[in-house]
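Spelled out, the chains give:
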2 protein chains.
Amino acid sequence: MPYELYYWPSIQGRGEFVRLALEEAGADYIDVAREPRKGVRAMQSFMDKSERPPFAPPFLKDGDVIIGQTAAILFYLGGKHGLAPGDEAGRMWMHQIQLTIADFVLEAHDTHHPISAGLYYEDQKDEAARRTQDFRDNRVPKYLAWFETILTRNPAGPAHLAGGNITYADLSLFQVIAGLAYAFPKLMKRELRNHRNVAALHKAVAERPRIKAYLESSRRIPFNESGIFRKYPELDA
Amino acid sequence: MPYELYYWPSIQGRGEFVRLALEEAGADYIDVAREPRKGVRAMQSFMDKSERPPFAPPFLKDGDVIIGQTAAILFYLGGKHGLAPGDEAGRMWMHQIQLTIADFVLEAHDTHHPISAGLYYEDQKDEAARRTQDFRDNRVPKYLAWFETILTRNPAGPAHLAGGNITYADLSLFQVIAGLAYAFPKLMKRELRNHRNVAALHKAVAERPRIKAYLESSRRIPFNESGIFRKYPELDA
């Protein structure tokens, strides 16, 4: 039975971290809200009625198991598809990395929505400019330095965040870098020069056969200004 | 061998969610950074040198296993101490609830720090007032309605978030409500009238023998204006 992924149909958003893992695994899945006769209504209906309603998309159905929260979905998929270390300490380490990526993603979102997700960017532009300056000056360098440190300290070598094989955390870090490079091209040109292992991982993931095919397919929704990573040139520097 | 918890010594913060689980479990633990001859220096030194350095406290050492990120620590402890459901679907559901609590906690923090955690509240008061209005009007009601729904839909009854026994998620929801009631007494007086199962859970957890003893002990750091939940009367309404 194919997995059912439930997520907003017009943005990459948090669902994209799940899509990348499913694509790399070659897993059979239905992107429910993008299906012509299902759509967002099917997603909303599920959330309204479930005994275990997710707070927000994305969520994944695997038969009777329903999992919400991106990092939890990846924890579950990682174990099933060999996209995570096999031992408990390694699995928890990878989950820790993913939860830190989730924090970073939220901060990237809040650059353009520092006051309220319910308001337009145009209604919080001044605050966004101020928050984004801190993001550029302090937060991006801090997170990227952490990823660079992890890659450098990985006993199996700096090609992966943990162990010697591709994992869901590698795929997620690729996605974050891709998104930041879309939203903040000037910033990222500088930052990737200073974080060479991160830059190399981003490049290597993009060249993996299944990921490359996915990125070139219509299944990959283009970055746009409704998603997490938005190209507002006034916020880049 | 006792657990070693590493967290800032002068605030409840995110470490408190871990402390509550350890206390309810009756587990033997050392709060390392609060130990006279260890302190914050021991915590920082660990982060600087570890092959698997946490991005930020709290983190927990259990022999050779090191776990960072509050929700991941609780996932780990929940399984070891019977503070989580025993089946995989139940464990993932509880983890999903905890990750949503983590999101809520971050939003509570960002009410007073919407621009930068590196600046003082006084340097972002205008933005804080605007963000907090959205938090009061939209976010708190949305989260509390979700918790109320989960409690109401729990097949084992509305006393717990999942199943018929105390779990780490119940303890964490208690902590969030306690923190919000400290920071926003006017708001929470209204909100708890509208979310009666949430209010009852908060009350019941506070009366559990081990939690009651802990709350009355010197191990419980008082809420203060360096933590996540801060009493700034101008932000309450």
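Residues numbered from 1 in each chain as written. Chains lettered and ligands numbered in written order. Predicted model: local features only at pLDDT ≥ 70, side-chain atom pairs only at ≥ 80, totals over all residues. Heavy atoms only, no water.

Further remarks concern the relation of the copies chain B and chain A. When chain B is fitted to chain A, the best match, at an RMSD of 0.0 Å, comes from turning it 180° and sliding it 0.0 Å along the axis. Look at the turn and shift together and you get a two-fold axis relating the two. The position closest to the rotation axis in chain B is occupied by the C-alpha of proline 114 of chain B, lying 3.0 Å away. Looking at chain B, 100% of its interface residues are interface residues in chain A too, so the copies touch through the same face. (Least-squares fit on C-alpha atoms with pLDDT ≥ 70 in both. Contact = heavy atoms within 4.5 Å.)

Helix-helix packing is characterised by the crossing angle of the two axes and by the distance between the axes. At a minimum axis separation of 9 Å, helix 3 (residues 70–80) of chain A and helix 4 (residues 88–112) of chain B run at an interaxial angle of 145°. Only Glu88, Met92, His95 and Leu99 of chain B of helix 4 of chain B make contact with helix 3 of chain A, whose side of the interface consists of Ala72, Phe75, Tyr76 and Lys80 of chain A. Its residues assigned to classes, the contact of helix 3 of chain A with helix 4 of chain B comprises 5 nonpolar, 1 polar and 2 charged. (Axes fitted to C-alpha atoms, helices over the stretch in contact; angles between N-to-C directions. Helix = DSSP H or I, 4+ residues; strand = E, 2+ residues; numbered from the N terminus. Nonpolar A, V, L, I, M, F, W, Y, C, P; charged D, E, K, R; others polar.)

What follows covers the pattern of salt bridges. Throughout the structure, instances matching the rule amount to 22 salt bridges over all chains. Across the pair arginine 131 of chain A and aspartate 110 of chain B runs a salt bridge, and its minimum N-O distance is 3.8 Å. Linking arginine 131 of chain A in helix 5 (residues 125–153) with aspartate 110 of chain B in helix 4, this pair reaches from one chain into another. Under the relative-accessibility criterion, aspartate 110 of chain B is labelled buried at 6%. For glutamate 216 of chain A, the salt bridge is made with lysine 212 of chain A, and the minimal N-O distance between the two is 3.4 Å. (Salt bridge = Lys/Arg side-chain N within 4 Å of Asp/Glu carboxyl O. Buried < 20%, exposed > 50% of the residue type's maximum accessible area, 1.4 Å probe, protein only.)

Moving on, we get to helix 3 (residues 70–80) of chain B. All names here are of chain B. With 9 of 11 residues buried, helix 3 is to be regarded as a mostly interior element. For helix 3, the complete set of buried residues consists of Thr70, Ala71, Ala72, Ile73, Leu74, Phe75, Tyr76, Leu77 and Gly78. Just past helix 3, the residue glycine 82 takes up positive phi, approximately 65°.

Note that every value here comes from positions in space, so none of it alone points to a role or purpose.
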